[in-house]
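So you can see what is in the structure, the chains are spelled out below.
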Amino acid sequence: DGKTLVLEETSLRISKSGLRSSSTTETVIPLKDIVSVDLRKPGKIFVGYVRFILDTKAVPVSRGGFSSLKRYVQATQDKNTLLLNKETSFETAQKLVEIIENTRKNSGLPFSFIQ
């Protein structure tokens with residue numbers, strides 16, 4: 001459906017193709033640079049997402065209300081975010097987060113997971 005997520009030995013590659021054009025954008029993120037992952041399950045109204053956060057200052061604080069909506073909007077506009085619209089996509093993203101978390105912890109690097 002126009003998006004691909006590939007986990008390589010030392011990096012994560014996100015490819016997205018445009019809805020109205022044939023162009024594809026690709027983002028490569030070194031695993032050592034991912035300090036946190038923000039994962040939201042798709043709901044009845046909103047699509048879910050997996051957001052790879054590279055800066056500790058950008059790690060969202062979990063709160064309800066308006067700040068949750070703001071967090072959702074910020075995530076959907078981030079090039080390091082992949083939108084999830086199916087249950088299988090969410091389950092795959094959960095497994096990916098687990099692999100990234102284990103990789104970072106085995107390397108002695110801090111990691112936080114937000115859900």
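Keep in mind the model is a prediction, meaning the values are calculated, not measured.

Trainee: Tell me about the side chain of Ser 11, and name the residues and values.
Mentor: Position of Ser 11 relative to the elements: it lies in strand S2 (residues 11–17). In contact with Ser 11, not counting residues within four places along its chain, are Val 6, Val 28, Ile 29, Pro 30 and Leu 31.

Trainee: Give a detailed account of the pattern of salt bridges, specifying residues and quantitative values.
Mentor: Working definition: two side chains of opposite charge can pair if their charged atoms are close together. Throughout the structure, instances matching the rule amount to five salt bridges. With a closest N to O distance of 3.9 Å, Glu 26 and Arg 13 form a salt bridge. Here Glu 26, found in strand S3 (residues 24–30), pairs with Arg 13, found in strand S2; they are 13 residues apart in sequence, far enough to count as distant. Arg 13 gets classed as partly exposed once you look at its relative accessible area, which sits at 23%. Taking the shortest distance from any N to any O, the salt bridge between Asp 78 and Arg 51 comes out at 2.9 Å. A residue pair is termed long-range when its members are at least 10 positions apart, and Asp 78 in the loop between helix H1 (66–77) and strand S6 (81–84) and Arg 51 in strand S5 (residues 48–53) qualify at 27 residues.

Trainee: Residue-level account of the sheet that holds strand S7 (residues 112–114), with values.
Mentor: What the four strands build is an open sheet, ordered S6-S5-S4-S7; its pairing is mixed. The sheet is open, and its two borders are formed by S6 and S7, each paired with just one other strand. Going from strand to strand, the sheet's axes swing by 10° on average, the running direction of each strand aside. Those strands touched by helix H2 (residues 87–106) are strand S4 (36–40), S5, S6 and S7, and its axis lies near 165° from that of S4.

Trainee: Explain H2 residue by residue, including any values.
Mentor: The terminal C-alpha atoms of H2, which comprises 20 residues, lie 29 Å apart, in line with the 28 Å expected from a rise of 1.5 Å per residue. Within H2, the full set of buried residues consists of Phe 90, Ala 93, Leu 96, Val 97, Ile 100 and Arg 104. On an axial view of H2, the arc spanned by its buried residues comes to 120°, and they lie on one face. Away from its buried face, by an angle of more than 90 degrees, H2 presents the exposed residues Thr 88, Thr 92, Lys 95, Glu 98 and Asn 106. Against strand S1 (3–7), S2, S4, S5, S6 and S7 lie the buried residues of H2. Of the residues trailing H2, Gly 108 is marked for its positive phi of about 80°.

Analysis parameters
- Residues numbered from 1 in each chain as written.
- Predicted model: local features only at pLDDT ≥ 70, side-chain atom pairs only at ≥ 80, totals over all residues.
- Heavy atoms only, no water.
- Helix = DSSP H or I, 4+ residues; strand = E, 2+ residues; numbered from the N terminus.
- Contact = heavy atoms within 4.5 Å.
- Salt bridge = Lys/Arg side-chain N within 4 Å of Asp/Glu carboxyl O.
- Buried < 20%, exposed > 50% of the residue type's maximum accessible area, 1.4 Å probe, protein only.
- Pairing = 2+ DSSP bridges.
- Axes fitted to C-alpha atoms, helices over the stretch in contact; angles between N-to-C directions.
- Expected span 1.5 Å × (residues − 1).
- Arc of directions from axis to C-beta.

Just distances and angles here, no functional claims.
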